[in-house]
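What follows is each chain in one-letter form.
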Amino acid sequence: MILAAGLGTRLKPWTDRHPKALAVVNGKSLLQRNVEYLQSYDIRDLIVNVHHFAEQIITAIKENEGWGSRISISDETAEVLETGGGLQKAAAYLGDDDFVLMNSDVLTDFDLAAMIESHKKSGALATLAVSNRETSRYFLFNEEDILCGWRNVQTGEEKLPRIDPPLRQKAFSGIHVISPAIFSKMPFTGKFSMVDLYLALSAKNDIKAFDHSGSKFIDVGKSESIAAAEKMF
């Protein structure tokens, strides 16, 4: 599933007239690039959620015949549900197997097959792509790479549902591999974030890190990131 419903306020002025997922990097939209990234790991059955300028995304998918993938639309035009609520709404599309969830505004070349294999071997409820890069908010993991908490280094705020020091902070990359068992464990409905969901579940469920430090990665959430992405991809 590719999350493409967000308002993309950091990417103004583009998002005043277009959805963030259709921002162009070297002639291809972010959405197309991520569809093709998933295809490179033989993932061709996709769900894309839509809200902000939803019709532009739907038109792009139809006109390009899904860029070779089978794409279903999860329609959030009535209300944007954030990352967790968006996933919950799309549950019926996802079936009974592990699945990949990713933001539409990240670009990377890390080995997704290795992450999927790591997830299956661990038996974790979810596996989160992380790296050692600077950001303002971090997930906190113990020595076994199990999620224990969250930290905002700008405000000093911490949430520690699982105390198991020493803890290491890792930057989340917006890509997950998730067991379908997560749907029966969700304590929220409506609008909520995946971060809040993971923190709520982490006390009693193993949510693991997959560290892809050293691979190409960029969050194309800001206008200045487009130029940097074009140098990288």
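The structure this text deals with has already been given above.
These notes cover the structure that comes with them. (Residues numbered from 1 in each chain as written. Predicted model: local features only at pLDDT ≥ 70, side-chain atom pairs only at ≥ 80, totals over all residues. Heavy atoms only, no water.)

So, unusual backbone geometry
Part 1 of the argument: Going from Lys12 to Pro13, the amide bond is cis rather than trans, its omega being 10 degrees.
Part 2 of the argument: Of note, the phi angle at Asp145 is positive, near 60 degrees, even though the residue is not glycine.
Part 3 of the argument: Along the chain, Asp145 turns up in the loop between strand E9 (137-141) and strand E10 (147-152). (Helix = DSSP H or I, 4+ residues; strand = E, 2+ residues; numbered from the N terminus.)

Digging into the pairing of E9
Part 1 of the argument: The element E9 is largely enclosed, with a buried count of 4 among its 5 residues.
Part 2 of the argument: Inspection of the sheet shows E9 paired to E10 by 5 bridges, in the antiparallel sense. Bridging from a neighbouring strand, Phe141 pairs with Leu147 of E10.
Part 3 of the argument: Note that E9 and strand E12 (residues 168-178) share 3 bridges and pair antiparallel. Bridge pairing links Phe139 to Lys170 in E12. (Buried < 20%, exposed > 50% of the residue type's maximum accessible area, 1.4 Å probe, protein only. Pairing = 2+ DSSP bridges.)

What to know about the pattern of salt bridges
Part 1 of the argument: Within this structure, the stated rule accounts for 12 salt bridges.
Part 2 of the argument: Among the salt bridges present, the one from Arg44 reaches Asp42, with a minimum N-O distance of 3.9 Å.
Part 3 of the argument: In this structure Arg44 comes out as partly exposed when scored by relative accessible area, which is 32%.
Part 4 of the argument: The shortest N-O distance in the salt bridge between Arg162 and Asp206 comes to 2.9 Å. With a gap of 44 residues between them, Arg162 in the loop between strand E11 (158-159) and E12 and Asp206 in the loop between helix H7 (194-201) and strand E13 (207-211) connect regions that are remote in the sequence.
Part 5 of the argument: Taking the relative accessible area as the measure of exposure, Arg162 reaches 21% and is therefore partly exposed.
Part 6 of the argument: Judged by its relative accessible area of 35%, Asp206 falls in the partly exposed class. (Salt bridge = Lys/Arg side-chain N within 4 Å of Asp/Glu carboxyl O.)

Details of the environment of Ser213
Part 1 of the argument: When you line up the elements, Ser213 lands in the loop between E13 and strand E14 (217-219).
Part 2 of the argument: Placed 140 residues apart in sequence, Ser213 and Ile73 show a C-alpha to C-alpha distance of 32 Å.
Part 3 of the argument: Dropping the residues within four chain positions of it, Ser213 is found in contact with Val130, Ser131 and Asn132.
Part 4 of the argument: A distance of 2.8 Å separates a polar side-chain atom of Ser213 from the backbone nitrogen of Asn132. (Contact = heavy atoms within 4.5 Å. Polar contact = N/O pair within 3.5 Å; in protein donor to acceptor, adjacent residues only side chain to side chain.)

Without other data, these values stay purely geometric and don't point to any function.
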